[in-house]
Every structure is written in C-alpha cells, then in structure tokens.
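These are the residues of each chain, in order.
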Amino acid sequence: MMKQLERIKEFGGWLERWEHESSACRCAMTFSVYLPPQAASQQLPVVYWLSGLTCTDDNVRVKAGAQRYCAELGLILVMPDTSPRGEGVPDVAERYDLGQGAGFYVNATQPPWATHYHMYDYVTDELPPLIEANFPVIPGKRAISGHSMGGHGALVCALKNPGMYASVSAFSPICNPVISPWGEGCFSAYLGDDRKAWEEFDATCLVNAGAPLPPALIDQGTADEFLAEQLFPQNLQAACVARKIPLELRMQEGYDHSYHFIATFIGEHLAFHARAMMA
C-alpha cells in the first residue's frame, strides 16, 4: 500500500513523494519520483538515483537540476532514501557515517542492524517491481546512478545483477570501500569481521572477481576533499583495465564533492543513460 505525500508540477511533469511499507527494510520507506510530461501518455525508461551519506531523497531533487533534463529526454527519475528510518530503527546519533542516513546499500547481517538495514535488497528486489506496477515505466528499461556512498551502491547493484541495468554512472563514488574508512566503519558494523563478506559489496573487488559491468561513466572532481582517503577511483579503473572492461572515468579539474559538481554534469549522465536504454 502506497501513500502519496507530495505532488509538485515541474517542467511540465510532476515531482511526487511516496511512502510505503517495505518488506526488505521492515519499516516505512520514502522515495521521490519525477514523471516528465511524456509520462502522461506513454511508458518511459527509468533512472534510479542513489544518494550519499547524510542524504535523503530530498537532496538530489532540490539541488541537482535533474528534472529539467529528464523532461527533455523523456526519463522517469526514481530517488529512494538512503536508509531505513523511524522509531525502532537502530541509529548512532553522534555519527553521520553509520546508521540512519548511512545504509551503504548492503544487506546487514549483524545485530542490531540486520533487521532493517537491507538497502541492497530494497533497491534491487523491492523497488523496481513497485515502480513498474505503479508508474508508466517500460518494463526492464532501467539505469542506475548515484553520488558518493550512492555511487558505490549504483556500481555494486549493476555489477551484482548482470542485465538488470542498461548502464551505470556515478559521481565521486566510493570505489573500493574495503580500504576506505567510511566503508570499513560501516562494513564492520553491518557485515561483521569477515572481510570476504565485505568484498561482495565492493565494486573494485567485484570486478577483480569477474563480475561484468554495463556501460559505465564516472565523474570525479580533482578538488574533492575525500578523493585521496575515501574514494579510490584509480583502483576500480585498474581493475577494469586488467579485465579489458570499458570504463569512462573523467577527472574533472577543480570540482569538489558537492551538488555544485553534480549539477554541472548531471545532464550528461542522464543523456548517457537515455542513449543506453534507447539503443
């Protein structure tokens, strides 16, 4: 059962926010969806956007400017929250990088997280059928993108589900979280001490292990304050080179980790996905 929370007209289409009871996360989950004007009369491809640490569905829909491009390209944009939330959902209030707002797109196996923190299943198993049942989406025509922690999530979802996404893109993704302080902090809490379990949610490790990658575009700012210690795009690039997998990694001079960076290039990412899904 879905409950509509908001409906706002933008660029000839509608920006909506919905709440539903999630079987994967065992709580109420919220997502936003932008339906461009073409959705009034036809089915369209869909892009899933996964946001980063501390974010909700609101950050991208307010700051990225994506809806204008979706209206031009005829794309539906789905923007889920970044974690389970609500009373009874575990959290660490003093930390921004663990708990609510920091689901890391894994399936937690350790207490107290294992009951609710199943964002990987939510994004890959629960949300697509829900979207395809309730919105004018072309079945199977989907792509995935994200920022930072969400870029990590987008890459992992694409790598672990061959054929599910026509394309994947990311801004400033955490490409090798098993060696990233952010990744180590969340993986040890959510997945325990077995680092082999961590590798199942690490894009670089998945490529090294033989996972296929759909057409992929990554933008990374050279002035990103987290580049050296957290993100490691060079490791993912090296893994792809070793396996002769095409990966377009663009190092964007002077850009940081913020939505100013995302807003600059989001139109190119959406056009990239439109081409892949309409091929």
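A short tour of the structure in this document, coming up. (Residues numbered from 1 in each chain as written. Predicted model: local features only at pLDDT ≥ 70, side-chain atom pairs only at ≥ 80, totals over all residues. Heavy atoms only, no water.)

**What about the state of the cysteines?**
Inference 1: Scanning the model with the defined rule gives 0 disulfides in all.
Inference 2: For C157, which is in no disulfide, the shortest distance to another cysteine sulfur is to C25 and amounts to 12 Å.
Inference 3: Cysteine C186 is unpaired, with the sulfur of C55 as its nearest cysteine sulfur at 14 Å.
Inference 4: Take C186: its relative accessible area is 0%, and that puts it in the buried class. (Disulfide = S-S within 2.5 Å. Buried < 20%, exposed > 50% of the residue type's maximum accessible area, 1.4 Å probe, protein only.)

**Thoughts on the environment of P177**
Inference 1: Mapped onto the elements of the fold, P177 is located in the loop between strand 7 (168-171) and helix 5 (181-191).
Inference 2: When the C-alpha atoms of P177 and W198 are compared, they prove to be 8.3 Å apart, with 21 residues separating the residues in sequence.
Inference 3: Beyond its immediate sequence surroundings of up to four residues, P177 is in contact with F104, H152, G183, E184, F187, F201 and D202. (Helix = DSSP H or I, 4+ residues; strand = E, 2+ residues; numbered from the N terminus. Contact = heavy atoms within 4.5 Å.)

**Considering the pairing of strand 7**
Inference 1: A two-sided burial pattern is seen for strand 7, the buried positions comprising V168 and A170 on one face and S169 and F171 on the other.
Inference 2: As defined by bridge partners, strand 6 (residues 137-147) adjoins strand 7 across 4 bridges and the pair is classed as parallel. In the strand pairing of strand 7, G146 is matched with A170.
Inference 3: Regarding the hand of the β-α-β motif, the stretch spanning strand 6, helix 4 (residues 149-160) and strand 7 is right-handed.
Inference 4: Both strand 7 and strand 8 (residues 216-221) contribute to a ladder of 4 bridges, which runs parallel. Within the sheet, the bridge partner assigned to V168 lies in strand 8 and is A216. (Pairing = 2+ DSSP bridges. Right-handed = clockwise from strand over helix to strand, strands pointing away.)

**Observations regarding the side chain of Q67**
Inference 1: With respect to the helices and strands, Q67 occurs in helix 2 (residues 66-73).
Inference 2: Engagement of the side chain of Q67 in a polar contact is seen with the side chain of E10, the distance being 3.0 Å.
Inference 3: When neighbours within four sequence positions are excluded, Q67 is seen to be in contact with E10, F11, L15, Y34, V60 and R61. (Polar contact = N/O pair within 3.5 Å; in protein donor to acceptor, adjacent residues only side chain to side chain.)

**What to know about the layout of surface pockets**
Left-over empty space is what a probe sized like a water molecule reveals as it rolls over the atoms.
Inference 1: Its boundaries defined by the atoms lining it, the largest pocket holds a volume of some 190 Å³.
Inference 2: Around the largest pocket, the lining comprises 14 residues; the ones closest to its centre are L53, T54, C55, H147 and H257.
Inference 3: When the residues that make up the lining of the largest pocket are grouped by side-chain class, the tally is 6 nonpolar, 7 polar and 1 charged. (1 Å grid on protein atoms, 1.4 Å probe; cavity = no way out; pocket = protein on both sides within 12 Å on 5 of 7 lines; lining within 4 Å. Points joined across faces, edges and corners; volume = space filled by probe spheres on them. Nonpolar A, V, L, I, M, F, W, Y, C, P; charged D, E, K, R; others polar.)

**Re unusual backbone geometry**
Inference 1: In this chain, P111 is followed by P112 through a cis amide linkage whose omega measures 0°.
Inference 2: Along the chain, the position of P112 falls in the loop between strand 5 (76-80) and helix 3 (119-134).
Inference 3: One non-glycine residue with positive phi stands out, namely T54, at about 75°.
Inference 4: Positionally, T54 belongs in the loop between strand 4 (44-50) and helix 1 (58-63).
Inference 5: If you check the backbone angles, F104 has positive phi at about 60° while not being a glycine.
Inference 6: With respect to the element layout, F104 can be found in the loop between strand 5 and helix 3.

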